[in-house]
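An overview of the molecular structure
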Amino acid sequence: MKLVSAVIKPFKLDDVRETLSEIGITGITITEVKGFGRQKGHTEMYRGAEYVVDFLPKIKIEIACTDEMVDSIIEAIIKAANTGKIGDGKIFVTPLESVIRIRTGEMDQQAL
């Protein structure tokens, strides 16, 4: 099992969700996060004063899945989240040791 985490631009969330639904993903977790990478933030004007926005708003998507689904999930996220501009985000894949469904006590792949 794997945990696929993707950090994307907020306006791409609906596109990513729809694309993941098309490949059969039924459960995802979404978190509003802030951060920066190569973008390193930007400057904005507010009431005539310029200020620096160090951390940009992003969306973090987390999907617990079987090993077989990882490649199709990655392809779907890249397809839907890509704008071709800096700040499109990143995808992280980490091993998932155990999953337990709280309601039923099911474990691992049965809990997904």
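Residues numbered from 1 in each chain as written. Predicted model: local features only at pLDDT ≥ 70, side-chain atom pairs only at ≥ 80, totals over all residues. Heavy atoms only, no water.

1. Considering the overall build of the protein chain
- Assigned secondary structure in the protein chain consists of two helices and six strands.
- Counting helices and strands in the order they occur from the N terminus, the protein chain gives β-α-β-β-β-β-α-β.
- Over its C-alpha atoms, taken along the principal directions, the protein chain stretches across nearly 55 × 25 × 20 Å.
- The 112 residues of the protein chain split such that 29% are buried.
- The contacts of the protein chain with a sequence gap of at least 6 include a subset with a gap of at least 24, amounting to 69%.
- As displayed, the protein chain offers around 7700 Å² of accessible surface, 52% of which is attributable to carbon and sulfur atoms.
- Of the side-chain charges in the protein chain, 15 are positive and 17 negative, and the distance between the mean point of each set is 6 Å. (Helix = DSSP H or I, 4+ residues; strand = E, 2+ residues; numbered from the N terminus. Buried < 20%, exposed > 50% of the residue type's maximum accessible area, 1.4 Å probe, protein only. Contact = heavy atoms within 4.5 Å. Areas by Shrake-Rupley, 256 points an atom, 1.4 Å probe, with all protein chains shown as cover. Lys, Arg positive; Asp, Glu negative; His and termini not counted. Charge placed at Lys NZ, Arg CZ, Asp CG, Glu CD.)

2. Things to note about the side chain of Asp 88
- One can find Asp 88 in the loop between α2 (70–81) and β6 (89–95).
- Residue class for Asp 88 comes out buried when judged on its relative accessible area of 16%.
- A distance of 2.9 Å separates the side chain of Asp 88 from the backbone nitrogen of Gly 84, its partner in a polar contact.
- Not counting the four nearest positions on each side in its chain, Asp 88 is found in contact with Val 7, Ile 8, Lys 9, Ala 81, Asn 82 and Thr 83. (Polar contact = N/O pair within 3.5 Å; in protein donor to acceptor, adjacent residues only side chain to side chain.)

3. Description of the nonpolar core
- Ile 8, Val 16, Leu 20, Ile 63, Ile 73 and Ile 77 are the most contacted members of the largest nonpolar core, which totals 16 residues.
- Sorting the residues of this core by element identifies β1 (2–8), α1 (13–22), β5 (56–65) and α2 as the ones contributing at least two each.
- Ranked by residue count, the leading element in this core is α2, at six residues.
- Each residue touching Val 16, except ones within four places of it in the same chain, is listed here: Ile 8, Ile 61, Ile 77, Ala 80 and Ala 81. (Core = buried A, V, L, I, M, F, W, Y, C linked by side-chain atoms within 4.5 Å.)

4. Here's the deal with α1
- All of the buried residues in α1 are Val 16, Thr 19 and Leu 20. Considered in projection along α1, the buried side chains sweep an arc of 100 degrees and stay on one side of the axis.
- Those residues of α1 hidden inside the fold are in contact with β1, β5 and α2.
- The positive-phi residue at the C-terminal boundary of α1 is Gly 24, with phi of around 95 degrees. (Arc of directions from axis to C-beta.)

5. Some thoughts on the pattern of salt bridges
- Following the criterion strictly, the structure yields four salt bridges and no others.
- Residues Lys 60 and Glu 62 are paired through a salt bridge, measuring 3.7 Å at the closest nitrogen-oxygen approach.
- We classify Glu 62 as partly exposed; its relative accessible area is 24%.
- For Arg 101, the salt bridge goes to Glu 106, with nearest N and O atoms at 2.8 Å.
- Judged by its relative accessible area of 29%, Arg 101 falls in the partly exposed class. (Salt bridge = Lys/Arg side-chain N within 4 Å of Asp/Glu carboxyl O.)

6. Notes on the environment of Met 1
- The topology assignment puts Met 1 in the segment before β1.
- Residues Met 1 and Lys 79, spaced 78 residues apart in sequence, show a C-alpha to C-alpha distance of 23 Å.
- Apart from residues lying up to four places away in sequence, Met 1 is in contact with Cys 65, Thr 66, Asp 67, Pro 95, Leu 96, Glu 97, Ser 98, Val 99, Asp 108, Gln 109 and Leu 112.

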